[in-house]
Amino acid sequence: MAKKIQVTELLSEEEEIRSMAADDKVDPYVEECLRAVQSEMQRMRAGADDFPTVAMLDWVDAREGYAVALRDTADEDLADLEHGLAIFAGRAGEEALVSELRRQAAWCAAMRADADALAADAWRLRDGWLRHAAVAEDGAAEDALVATAAEAFLEFLAMEMDGGGVPEADAARADAIHTAATARHGLGARFAAEFVGRLVDRFRRGAETYAGQQENVVADGLRRRAAEVEMLCADPETLVPRLQASGWWMFWMLMNRHAATPAATAQKPTPTPTPDASASY
């Protein structure tokens, strides 16, 4: 019996261009998501001189990654649309197709420009935070690092409680969280390992970047901050009591003792999921 050979018909280049135009690159949802992130960025830029927390750095990294992915996708689509225009522009009877390709190309160009601007805003925001951390006076820097650690510890503890069988109704109460902070064996060591890894790495990578730009004052300041984080977390057994005695933790307790959910954002908002640019097109 002769074998049946399945032949997949390949679209010609012109057919692919027509199909691309029919798919329509213009996506109101992508535009809506971008505007929402732009608004978030504008609000956060009001605190460009704040000492950065782990949540703040996570937040700006996520927004920058979103912007770069969106920019790259828009750039690729724009190149495809412009290629289509180069083939069909001026061809009799293809005026409607050319008009559609131009409309979509203009939208992709606008998205590329806006995404590029958003990525630049994210870079500037991170730059401001890291510079502020680098030049902070030692006493102020120590207080800020303790507050940063307390906020990160609260988030870390809430995640552990949810996974440890504590009822959600209790996990959401400040008293339950405060009690769990001292009741969990090895909690300080687990948190210290994660916190040091996240914040020290950020400071040291920043120091390398600034050193490469001959900004040695900023680079040296970030290296000091990295060393201070390691010193703060050197003894995990004393770390938890110190965080619980901090002004940040006590203020959080006062404000959230009867809150419905643990408000780990007493100082700055924690990162929220951002739209996946790769899934937008």
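Residues numbered from 1 in each chain as written. Predicted model: local features only at pLDDT ≥ 70, side-chain atom pairs only at ≥ 80, totals over all residues. Heavy atoms only, no water.

Here Gln-244 shows up in helix α10 (residues 236-244). Taking the C-alpha atoms as reference, Gln-244 lies 7.5 Å from Ala-150; in sequence the two are 94 residues apart. Those residues in contact with Gln-244 that lie beyond four places of it in its chain are His-178, Ala-181, Thr-182, Trp-249 and Met-250. (Helix = DSSP H or I, 4+ residues; strand = E, 2+ residues; numbered from the N terminus. Contact = heavy atoms within 4.5 Å.)

This part is about helix α9 (residues 216-232). Over its 17 residues, α9 runs 24 Å from end to end, which matches the ideal 24 Å to within 8%, given 1.5 Å per residue. Turning to α9, its buried residues are Val-218, Ala-219, Gly-221, Leu-222, Arg-225, Ala-226, Val-229 and Leu-232. Down the axis of α9, the buried side of the element spans an arc of 165°, and every buried residue falls inside it. Along α9, exposed side chains directed more than 90 degrees from the buried face belong to Val-217 and Met-231. (Expected span 1.5 Å × (residues − 1). Buried < 20%, exposed > 50% of the residue type's maximum accessible area, 1.4 Å probe, protein only. Arc of directions from axis to C-beta.)

On inspection of all chains with the given rule, the structure shows 5 aromatic pairs. Aromatic side chains Phe-153 and Phe-191 sit 5.2 Å apart centroid to centroid with 70° between the ring planes, which places their arrangement in the edge-to-face category. With Phe-153 in helix α5 (residues 138-163) and Phe-191 in helix α8 (residues 187-212), this pair connects stretches of sequence that are 38 residues apart. The two residues Phe-153 and Phe-191 agree in class, both being buried. Residues Phe-191 and Phe-195 carry aromatic rings whose centres are separated by 5.3 Å and whose planes lie at 20° to one another, so their mutual orientation is stacked. Of this pair, Phe-191 and Phe-195 both sit in helix α8, 4 residues apart, which is roughly one turn of that helix. Here Phe-191 and Phe-195 have matching classes, each one buried. Put simply, the rings of Phe-153, Phe-156, Phe-191, Phe-195, Trp-249 and Trp-252 touch in pairs and so form one group of aromatic residues. (Phe/Tyr/Trp six-rings, centres within 6.5 Å; stacked < 30°, edge-to-face > 60°.)

So, on to the nonpolar core. Counting residues in hydrophobic clusters, the biggest one holds 82 residues, and the most contacted among them are Phe-153, Leu-157, Phe-195, Phe-203 and Leu-222. Sorting elements by how many residues they give to this core places helix α4 (residues 95-135) first, with 16 residues. Among all residues touching Phe-203, those that are not within four sequence positions of it are Pro-52, Leu-130, Ala-133, Leu-145, Leu-222, Arg-225, Ala-226 and Val-229. (Core = buried A, V, L, I, M, F, W, Y, C linked by side-chain atoms within 4.5 Å.)

Turning our attention to the pattern of salt bridges. Applying the stated criterion across every chain yields a total of 27 salt bridges. Here Asp-114 and Arg-35 are joined by a salt bridge, their closest N and O atoms 3.1 Å apart. Taken together, the residues Asp-114 in helix α4 and Arg-35 in helix α2 (residues 28-45) connect sequence positions 79 residues apart. Residues participating in the shared-partner salt-bridge network are Asp-58, Asp-61, Glu-64, Arg-126, Glu-194, Arg-198 and Arg-202. (Salt bridge = Lys/Arg side-chain N within 4 Å of Asp/Glu carboxyl O.)

This brings us to unusual backbone geometry. For Asp-24, which is not a glycine, the phi torsion comes out positive at approximately 65°. Within the secondary structure, Asp-24 sits in the loop between α1 (13-23) and α2. In the Ramachandran plot, Gln-214 falls in the positive-phi region, its phi being about 65° despite a non-glycine side chain. As for its placement among the helices and strands, Gln-214 is situated in the loop between α8 and α9.

Among the residues of helix α7 (residues 174-183), Ala-174, Ala-176, Ile-177, Ala-180 and Ala-181 are the ones counted as buried. Along the axis of α7, the buried positions cluster into a sector of 160°, meaning they face one direction only. What points out from α7, more than 90 degrees from its buried face, is the exposed set Thr-182 and Ala-183.

Glancing now at the environment of Glu-94. Secondary-structure assignment places Glu-94 in the loop between α3 (54-88) and α4. Ignoring sequence-local partners within four residues, the contact set of Glu-94 consists of Arg-18 and Phe-88.

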